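Chain and residue survey
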Amino acid sequence: MHGKLLPLAGLYLVQGLPYGLQSGLLPVLLRARGLSLTRVGLAKGLYLPWLFKLVWAPLVDARGSLRAWLMLSTAALGLVCGLLAALPPAEAGPAGLPVTVAGLLLLLNLGAAVQDVALDTLAVQLLEPAELGPGNTVQVVAYKLGAVLAGGGLLALVPTLSWPLLFLLLAATYWLAAALVWAAPALQQLPASQPSEPPRHSLHLLQDVLAMPGTLWTAGFVLTYKLGEQGASSLFPLFLLDHGISTPELGLWNGVGAVVCSIVGSSLGGALLARHRQPLPLLRSVLRFRLGGLACQTTLLFHLDTPGVRLGPSTVLKGAALLSLCLQHFLGGLVTTTTFTLMMHCSQLAPSALQATHYSLLATLELLGKLFLGTLAGALADSLGLHLCFSLFLALSGMPVLYLSLAPSTLA
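Just so it is clear, the model here is predicted, and its values are computed rather than measured.

1. Structural notes on the environment of alanine 232
Here alanine 232 shows up in helix 11 (residues 227-242). Here the alpha-carbon distance between alanine 232 and leucine 392, two residues 160 residues apart in the chain, equals 9.8 Å.

Encoded structure:
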């Protein structure tokens, strides 16, 4: 099993680099070069290719081998980083992001999204049912580590490394990963895709995917299981900031502390699944724990939001608030690993010619669910108020617990 998990870990780690680059490193670099906050925020539009993975997933299913797709997409990411090294934003002045740099960043996301389709399909086909728990732990933890390395790790090197050197370092990392794809023994036995029939119309293909056992239920679950958690995790740190916690302290707990707790939760989920725990019973337990944790956090928020209450430098309330923050990230990591295992199990029920498209559909819906409430959380808080808003998040977190009772027997 280690011969499979080690290359998967390396590839998922480099897959997390673009996210960390654009969520942590790039905004700071662009802001330091004088770009307005509006233009820095608009850079998130470069994530767009991730929402269209279903467009090229059928190509990955039907053309070439997964090893070729992985090697070429990873090498292409290194090439794009090399080109970015030659085009620092400062060359266009502080007025805006150069069109060439924006285009290359869009290509970076496109290459990462194609790599994501091929890598997830590789994991679906490579892992045995008993290996799904450890495999999805590797997926989630390695991806988060890659995001942290590109976001926080490279950001720490900014005073000593210039824009060109940073992107040359990323390019070298991608080319090493492409060499890993070429050399890894576990990847050399993968068969090339062999379409058994002519390419189908997109609508017919989607119908075939949705007709697979358990797909409709799983699609509904991954679209909704993170709604309440995502809304609360977007607003609670800002609430703590407004009530007296300093920016550096909040950055430490909501940055490093949250990531560490999330990784520990993901690792525990993998360990439990490796002990032959089935995803659905485990989800029932952890979703109840998450609901209880969010109920405690909501109660704490109601108390802190009363007039005159502030978080002092060393109070029990402050400790409880930070503990609540870390606990939710721990439980979120546990839920995520178990859910991704369930998604992969569902995709393994589909024919191999549909697995890339099948898993890409579920992954896209999972991403949409997280982006939806994470984006609207601030507007909901402004319009409804924090009390009603967190009550809504609590209700949304209870929905997946009830929804699990409708799970089809094919996923048991």
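2. Some points on helix 16 (residues 386-403)
Between the first and last C-alpha of helix 16 there are 26 Å, a value that for 18 residues agrees with the 26 Å anticipated at 1.5 Å per step. For helix 16, the full list of buried residues reads Cys389, Phe390, Phe393, Leu396, Ser397, Gly398 and Pro400. On its buried face, helix 16 is in contact with helix 10 (215-224), helix 11, helix 13 (279-304) and helix 15 (355-384).

3. A few points about the nonpolar core
Residues Leu8, Leu122, Phe167, Phe221 and Leu283 are the most contacted members of the largest nonpolar core, which totals 78 residues. Here this core gets 14 residues from one element, more than from any other, and that element is helix 6 (residues 99-126). In terms of domain composition, this core takes at least three residues from each of domain 1 (1-199) and domain 2 (202-411). In terms of nonpolar packing, the next biggest core, distinct from the first, is built from 22 residues, Ile245, Leu250, Leu294 and Phe393 among them.

4. Points about the pattern of salt bridges
Taken as a whole and judged by the stated rule, the model has 4 salt bridges. The closest approach of N and O atoms between glutamate 229 and arginine 290, which form a salt bridge, is 2.8 Å. One end of the pair, glutamate 229, is in helix 11; the other, arginine 290, is in helix 13, with 61 residues separating them in the sequence. The pair formed by glutamate 229 and arginine 290 is uniform in burial state, with each residue classed as buried. Through salt bridges with shared partners, a single network forms among Lys226, Glu229 and Arg290.

5. Comments concerning the environment of valine 181
Mapping valine 181 onto the fold places it in helix 8 (residues 163-183). The buried category is assigned to valine 181, whose relative accessible area is 0%. Between the C-alpha atoms of valine 181 and methionine 71, which are 110 residues apart in sequence, the distance is 5.8 Å. Setting aside its immediate chain neighbours within four residues, valine 181 contacts Leu11, Arg67, Leu70, Met71 and Leu187.

6. Overview of the packing of helix 11 against helix 16
In helix packing, the relevant descriptors are the interaxial angle and the interaxial distance, both defined with respect to the helix axes. It is at 7 Å that the axes of helix 11 and helix 16 come closest, and there the two elements cross at 150°. The pairing of helix 11 with helix 16 is recorded here as roughly antiparallel in orientation. The hand of the helix 11/helix 16 crossing is left-handed. Between helix 11 and helix 16, the contacting residues are Leu227, Gly228, Glu229, Gly231, Ala232, Leu235, Phe236 and Phe239 on the first element and Leu386, Cys389, Phe390, Phe393, Leu396 and Ser397 on the second. Partitioning the contact of helix 11 with helix 16 into residue classes produces 10 nonpolar, 3 polar and 1 charged.

7. Describing the environment of arginine 275
On the secondary structure map, arginine 275 appears in the loop between helix 12 (247-274) and helix 13. On the basis of relative accessible area, arginine 275 is assigned to the exposed category, the value being 67%. Linking arginine 275 and proline 134, residues 141 residues apart in sequence, is a C-alpha distance of 9.9 Å.

8. A short note on the UniProt feature "transmembrane region" (unreviewed entry) in the protein
UniProt feature "transmembrane region" (unreviewed entry): in the numbering of this structure it lies at residues 68-87, 99-119, 140-159, 165-184, 252-274, 316-344, 356-378 and 384-406. Helix makes up 90% of residues 68-87 and strand makes up 0%, while its end C-alpha atoms are separated by 29 Å. The distance separating the terminal C-alpha atoms of residues 165-184 is 28 Å; by composition the span is 95% helix and 0% strand.

9. Let's talk about a nonpolar patch on the surface
Taken together, the side chains of Leu252, Trp253, Val256, Val260 and Val264 define a hydrophobic patch exposed on the protein surface, amounting to about 440 Å² of accessible area. The residue valine 264 is located in helix 12 in this model. The exposure class assigned to valine 264 is partly exposed, which follows from its relative accessible area of 44%.

10. Describing the confidence of the model for the protein
Taken over all residues, the pLDDT of the protein has a mean of 81, while the share at 70 or more is 83%. Mean pLDDT across the secondary structure elements of the protein bottoms out at helix 3 (residues 37-42), with 58, and peaks at helix 10, with 95. When the criterion is pLDDT under 50, residues 194-198 qualifies, and its contacts beyond four places in sequence or with other chains add up to 2 contacts.

Thresholds, definitions, all that
Residues numbered from 1 in each chain as written. Predicted model: local features only at pLDDT ≥ 70, side-chain atom pairs only at ≥ 80, totals over all residues. Heavy atoms only, no water. Helix = DSSP H or I, 4+ residues; strand = E, 2+ residues; numbered from the N terminus. Expected span 1.5 Å × (residues − 1). Buried < 20%, exposed > 50% of the residue type's maximum accessible area, 1.4 Å probe, protein only. Contact = heavy atoms within 4.5 Å. Core = buried A, V, L, I, M, F, W, Y, C linked by side-chain atoms within 4.5 Å. Domains from an automatic or database assignment. Salt bridge = Lys/Arg side-chain N within 4 Å of Asp/Glu carboxyl O. Axes fitted to C-alpha atoms, helices over the stretch in contact; angles between N-to-C directions. Parallel < 35°, antiparallel > 145°, perpendicular 65-115°, else oblique. Left-handed = near helix turned anticlockwise from the far one by under 90°. Nonpolar A, V, L, I, M, F, W, Y, C, P; charged D, E, K, R; others polar. UniProt positions renumbered as here; feature names shortened; annotations may be inferred. Patch = residues over 30% accessible without salt bridge, like charges linked within 9 Å, V, L, I, M, F, W, Y side chains within 5 Å. Areas by Shrake-Rupley, 256 points an atom, 1.4 Å probe, with all protein chains shown as cover. pLDDT = per-residue confidence, 0-100.

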